[in-house]
Amino acid sequence: LRQSPLVAGAGLLMAAFSVGEFLSPITVRRLRTGRHDLPAGAIAGAIAGATLRVLGVVSAVLVDRLELLVWLVVGVAFGAFRYASRACFTGAAAEAGPPEDASTNLAATMLVSGLAAPVGTTLWSGVIDQVSADAAVLCGGIGSLVVGVVVLAASRASNQRGTTGT
């Protein structure tokens, strides 16, 4: 992340994330076509992880205006898929049990998410301190990609068990 000045580059990247957030309802609709919320969220999370990896590679390889231009394009994609993933996972949590348990399921999901967030932040800052910001972005992308693939595989395995009756 060598954009100079860094604050201006980071501000533009955050704006790109926000544009992606505006596009997330379209992304959710497309991902949910023929899928339930959990697999759609897993796919969105994996794609968000892949875009984060691209962002890390771009930051390590490119410089100046070209780096910033690619940041903006990748940032829009990351924002769309990150927020689509969160929306789908929230929907999956709400639908995980009977309708009367939806708020309890959402509260439990938010609790787990809140408890895990400091761990991720600590790991993130440790990688930035010990290695580099580029490495932290690459590690975060790999982690998101792996989680998305694992959740998607588990969801598919669960669906297959449910359809076979075992």
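Keep in mind the model is a prediction, meaning the values are calculated, not measured.

Caption draft 1: Structural view of the overall build of the protein chain. From N to C terminus, the protein chain includes 5 helices and 0 strands. Secondary structure elements of the protein chain, listed N to C terminal, follow the sequence α-α-α-α-α. Principal-axis analysis of the C-alpha atoms places the extent of the protein chain at approximately 55 × 30 × 30 Å. In the protein chain, which comprises 166 residues, the proportion classed as buried is 31%. In the protein chain, 77% of the contacts between residues at least 6 apart in sequence involve partners at least 24 apart.

Caption draft 2: Just a nonpolar patch on the surface, in detail. Judged by side-chain polarity, V19, L23 and I26 come together as a nonpolar surface patch covering roughly 230 Å² of accessible area. Relative to the assigned elements, L23 resides in helix α1 (residues 6-32).

Caption draft 3: Inspection of the packing of helix α2 (residues 37-61) against helix α3 (residues 64-94) at higher detail. Following both chains from N to C, one finds α2 and α3 inclined at 160°, their axes separated by 8 Å at the closest point. On the basis of their axis angle, the class for α2 and α3 is roughly antiparallel. The hand of the α2/α3 crossing is left-handed.

Caption draft 4: Looking closely at the side chain of S24. For S24, the location among the structural elements is in helix α1. With a relative accessible area of 9%, S24 lands in the buried category. Within the structure, the side chain of S24 is placed 2.7 Å from the backbone oxygen of E21, a separation counted as a polar contact.

Caption draft 5: Looking closely at the nonpolar core. One finds L31, L55 and W71 to be the most contacted residues of the largest nonpolar core, which totals 21 residues. Per element, the largest residue contribution to this core is 8 residues, and it comes from α2. If we ignore the near neighbours within four places in the chain, the residues touching L55 are L13, W71, V74 and V137.

Caption draft 6: How the structure looks around the packing of aromatic side chains. In this structure the tally under the stated criterion is 1 aromatic pair. Judged by centre distance (5.1 Å) and plane angle (55°), the ring pair of F17 and F78 falls under tilted. Residue F17 is located in helix α1, and its partner F78 is located in helix α3; the two are separated by 61 residues in the primary sequence. Classification of F17 as buried rests on a relative accessible area of 16%. Judged by relative accessible area, F78 falls into the buried class, the value being 13%.

Caption draft 7: Geometry of the confidence of the model for the protein chain. Mean pLDDT over the protein chain works out to 84, with 93% of the residues at or above the 70 mark. Mean pLDDT across the elements of the protein chain ranges from a minimum in helix α5 (residues 133-164), with 81, to a maximum in α3, with 88.

Calculation rules
- Sequence order sets the numbering: in each chain, residues are counted from 1 along the sequence as written.
- For this predicted model, a pLDDT threshold of at least 70 governs which residues receive local features, and a threshold of 80 or more governs which side-chain atom pairs are given and counted, while totals over whole chains, interfaces and linings are taken from all residues.
- Hydrogens and waters are ignored; side-chain quantities use all the structure's heavy atoms.
- Segments assigned H or I by DSSP are reported as helices when at least four residues long, segments assigned E as strands when at least two residues long, and all are numbered from the N terminus.
- Between buried and exposed lies partly exposed: a residue is buried under 20% and exposed over 50% of the maximum accessible area for its type, with that area taken using a 1.4 Å probe on protein chains only.
- Note on definitions: a residue-residue contact is assigned when non-hydrogen atoms from the two residues lie within 4.5 Å.
- For patch building, the residue pool is restricted to those with more than 30% relative accessible area and no salt bridge; the joining distance is 9 Å between like charges and 5 Å between nonpolar side chains (Val, Leu, Ile, Met, Phe, Trp, Tyr).
- Here the accessible surface of atoms and residues is derived via Shrake-Rupley with a 1.4 Å probe, and residues count as covered only by protein chains that are part of the display.
- Between Lys or Arg on one side and Asp or Glu on the other, a salt bridge is scored when a side-chain nitrogen of the former is within 4 Å of a carboxyl oxygen of the latter.
- With axes taken as lines fitted to C-alpha atoms, and helix axes fitted only over the stretch in contact, angles between N-to-C directions fall between 0 and 180 degrees.
- When describing relative orientation, an angle under 35 degrees is termed roughly parallel and one over 145 degrees roughly antiparallel, while 65 to 115 degrees is termed roughly perpendicular and anything else oblique.
- Each crossing gets its handedness from the near helix: less than a right angle anticlockwise from the far helix is left-handed, clockwise is right-handed.
- Definition of a polar contact: a pair of N or O atoms within 3.5 Å, with one able to donate and the other able to accept a hydrogen when the atoms are protein atoms, and with sequence-neighbouring residues admitted only if both atoms are side-chain atoms.
- As used in this record, nonpolar core signifies buried Ala, Val, Leu, Ile, Met, Phe, Trp, Tyr and Cys residues forming a set joined through side-chain atoms within 4.5 Å.
- Two aromatic rings, drawn from Phe, Tyr or Trp (for Trp, its six-membered ring), form a pair once their centres lie within 6.5 Å of each other, and the interplanar angle then sorts them: stacked below 30 degrees, edge-to-face above 60, tilted otherwise.
- How sure the predictor is of each residue is captured by pLDDT, a score from 0 to 100.

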